[in-house]
Amino acid sequence: MTVIEYLSLPGYKKFLYKLGAFFIAIPKGIWNFLSVTLVNFFIRIGRRIGRYFLNIYEIFIGGDWKTRTSYAVMGFGHMTRRSYIKGFLYFLYQIIFIVFMVTTGGPAFAKIGTFGNVGQNSYYYDVDEETYIYVTTHIGDDSVLLLMHFVLAIIFIGIFIFLWSIQVKENNELQNLNRIGKGLTDKDTLKSLVGNNYHKVLLSFPTFGLALFTILPLAVMILVAFTNYSSEYMNPKHLFDWVGMYNFQKLFGMAGSGGEAFVYVFSQILVWTLIWAIFATFTNYFLGMIVALMINRKGIKLKKIWRTILITTIAVPQFISLLFLSRLLTETGGINSLLLKWGWITEPLKFLDDGLYAKITVIIVNMWIGIPYTMLMCSGLLMNIPADLYESAKIDGANPYKMYTKITLPYMLFVTGPYLISTFVGNINNFNVIFLLTGGNPLFTNINGNLIDGAKVYNAGQTDLLITWLYKMCMTSTTKDYGVASVIGIIVFIVVATISSITYSRSNAVKNEGDFQ
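In what follows, the accompanying structure is described.

So, on to a positive patch on the surface. On the surface, Arg 44, Arg 47, Arg 48 and Arg 51 cluster together to form a positively charged patch. Turning to its location among the elements, Arg 51 is positioned in helix α2 (residues 11-62). Residue classification places Arg 51 among the exposed residues on the basis of a relative accessible area of 51%.

Nonpolar side chains collect at one region of the surface, where Ile 85, Phe 88, Leu 89, Leu 92, Ile 96, Leu 190, Leu 193, Val 194, Tyr 198 and Leu 202 lie side by side and expose about 910 Å² of accessible area between them. Counting only elements with at least two residues in the nonpolar patch, the list comes to α5 (84-111), α7 (186-193) and α8 (198-224). Counting residues per element, the nonpolar patch draws most heavily on α5, at 5 residues. Looking at where Ile 96 falls in the secondary structure, it is placed in helix α5. Given the relative accessible area of 41%, Ile 96 is considered partly exposed.

On to the packing of aromatic side chains. In total, this model carries 26 aromatic pairs according to the counting rule given. Ring centres 5.1 Å apart and planes at 70 degrees place the aromatic pair Phe 60 and Tyr 71 in the edge-to-face group. Note that Phe 60 is positioned in helix α2 and Tyr 71 in the loop between α3 (65-69) and α4 (76-79), a separation of 11 residues in sequence. Judged by its relative accessible area of 33%, Phe 60 is partly exposed. Look at Tyr 93 and Phe 156: their rings are 6.3 Å apart centre to centre, the planes differ by 10 degrees, and that puts the pair in the stacked class. Of this pair, Tyr 93 sits in helix α5 while Phe 156 sits in helix α6 (residues 143-179), and the two are 63 residues apart along the sequence.

Okay, the packing of α6 against α8 next. Each pair of packed helices can be summarised by the angle the axes make with each other and by the distance between the axes. Interaxial distance between α6 and α8 falls to 10 Å at its minimum, and their mutual angle equals 125 degrees. Taken together, the axes of α6 and α8 lie oblique to each other. Seen along the crossing, α6 lies across α8 with a hand that is right-handed. Where α6 abuts α8, its residues Leu 147, Met 148, Phe 150, Val 151, Leu 152 and Ile 155 lie against Ala 211, Leu 216, Ala 219, Val 220, Leu 223 and Val 224. Its residues assigned to classes, the contact of α6 with α8 comprises 12 nonpolar, no polar and no charged.

Bringing the pattern of salt bridges into the picture now. Counted according to the given criterion, the structure contains 4 salt bridges. One salt bridge in this structure joins Arg 81 and Asp 64, with 2.8 Å as the shortest N-O distance. Of the two residues, Arg 81 is situated in the loop between α4 and α5 and Asp 64 in the loop between α2 and α3; the sequence distance between them amounts to 17 residues. When the shortest N-O distance is used, the salt bridge between Glu 170 and Lys 86 registers 3.1 Å. With Glu 170 in helix α6 and Lys 86 in helix α5, this residue pair connects regions lying 84 residues apart in the sequence.

Our next topic: a negative patch on the surface. A grouping of Glu 331, Glu 347, Asp 353 and Asp 354 is seen on the molecular surface, where their side chains present a negatively charged patch. Of note, Asp 354 is situated in the loop between α14 (334-342) and α15 (355-382).

Attention shifts here to the packing of α5 against α6. Relative to each other, α5 and α6 sit at 150 degrees, their axes nearing to 9 Å. Here α6 runs roughly antiparallel to α5, going by the angle between their axes. Classified by chirality, the crossing of α6 by α5 is left-handed. By residue class, the composition of the contact of α5 with α6 is 20 nonpolar, 5 polar and 3 charged.

Conventions adopted
- Residues numbered from 1 in each chain as written.
- Predicted model: local features only at pLDDT ≥ 70, side-chain atom pairs only at ≥ 80, totals over all residues.
- Heavy atoms only, no water.
- Patch = residues over 30% accessible without salt bridge, like charges linked within 9 Å, V, L, I, M, F, W, Y side chains within 5 Å.
- Areas by Shrake-Rupley, 256 points an atom, 1.4 Å probe, with all protein chains shown as cover.
- Salt bridge = Lys/Arg side-chain N within 4 Å of Asp/Glu carboxyl O.
- Lys, Arg positive; Asp, Glu negative; His and termini not counted.
- Charge placed at Lys NZ, Arg CZ, Asp CG, Glu CD.
- Helix = DSSP H or I, 4+ residues; strand = E, 2+ residues; numbered from the N terminus.
- Buried < 20%, exposed > 50% of the residue type's maximum accessible area, 1.4 Å probe, protein only.
- Phe/Tyr/Trp six-rings, centres within 6.5 Å; stacked < 30°, edge-to-face > 60°.
- Axes fitted to C-alpha atoms, helices over the stretch in contact; angles between N-to-C directions.
- Parallel < 35°, antiparallel > 145°, perpendicular 65-115°, else oblique.
- Left-handed = near helix turned anticlockwise from the far one by under 90°.
- Contact = heavy atoms within 4.5 Å.
- Nonpolar A, V, L, I, M, F, W, Y, C, P; charged D, E, K, R; others polar.

In short, the description is geometric, and any link to function would need to be established separately.
Structure, rendered in structure tokens:
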């Protein structure tokens, strides 16, 4: 379609065209990422690795005995060239690394193929016949600890390689400075830490926290997806084992019992998760914007009171509101009681007990909770739109709808594009609204009249999102399956990362960032 043909379309057809182009661009974007971006990424990585080894080799060939010794003893070149603090820290990390690998990392690497040799068993010994005090000793391996130690060892190795290469390059620089009669002392090091490298000192603490509390659990979760870790192989008394792609096959019905039911439930939950995220994001966004426009209109009185009333839902803790509504909307709850008393209905409405009604209910409740947030954000942004634009539009004969679609909405989308993406991602993982309001219910009971064993689908419900279903698999189900739950976590990550990267790269906030006024 040419630009002239596009401009000649009515407003709703332009919207449909853009919407269709967006969904068409998703597989194209994925293909470009896999065939171009990812390939170029590995090519660049390969070139950097090659340059890295060449540089290390050249430093070794041209280095003196102090520099060459630092290849085996980290920090040796620093300490022999009066940079004692750095040299000692490098040497200290090497000692810690060696001790960790000998005592923890090495055994983890040796046993990771089988996750240990024997599970832990408890042995009780009677210490004192009068007091009957017992001592419990555990003998055996812990598969989870082995896996964590394995991942931690990989992180330690990565840090070791990074620090080792840094100290080698610094030794080369110190050697060159000594040749011209200069050098770096501990005083220079301290000045650098509070001067040019101060940002590195500050960022080192959150980086350490990121590695410990984000990267380590994420890596463990990914590896668990390739194991049979479940309630049948409960750690630490029973060791689990590698199963390859079995959990992925089970999720898509290619392995395990109850394959058809599992695939059906998974597909239904995945589709509902995306539908929920779309409705929960855009209903709150557009309705919140409309409410902000209504309150900000000239002639509206008591604006502060209206805003105060709307943000009352923010002041009340969300979990209290959701738990209260979950009781209010039951068949015997207050709303049904009032409707029956007034004679408006003859039997209780199944707000939370019917699949379709429950989905509509959670979307409406989420609107009630989320619109005030969007209203507050939009109120501030609307005040920044130049009034001259609206005055010029009125002179040209534009009606309120035209001014909204041509001035207000483009401005708001430009500014709030990243916010929309983050909100969409947050709604995909919106645990509170679903779990506290419906608990994922009503449960899946049959497929085309055939009954479903709830235990085989981990008590999945028709309003469950992938994140709440994952929680049930790991926490509330009688048969827990951490391997399949990890696979679901990986799928959530892939869906979120794909949609976020494509929408963000195609948003005006990125493409036309320099045009913002």
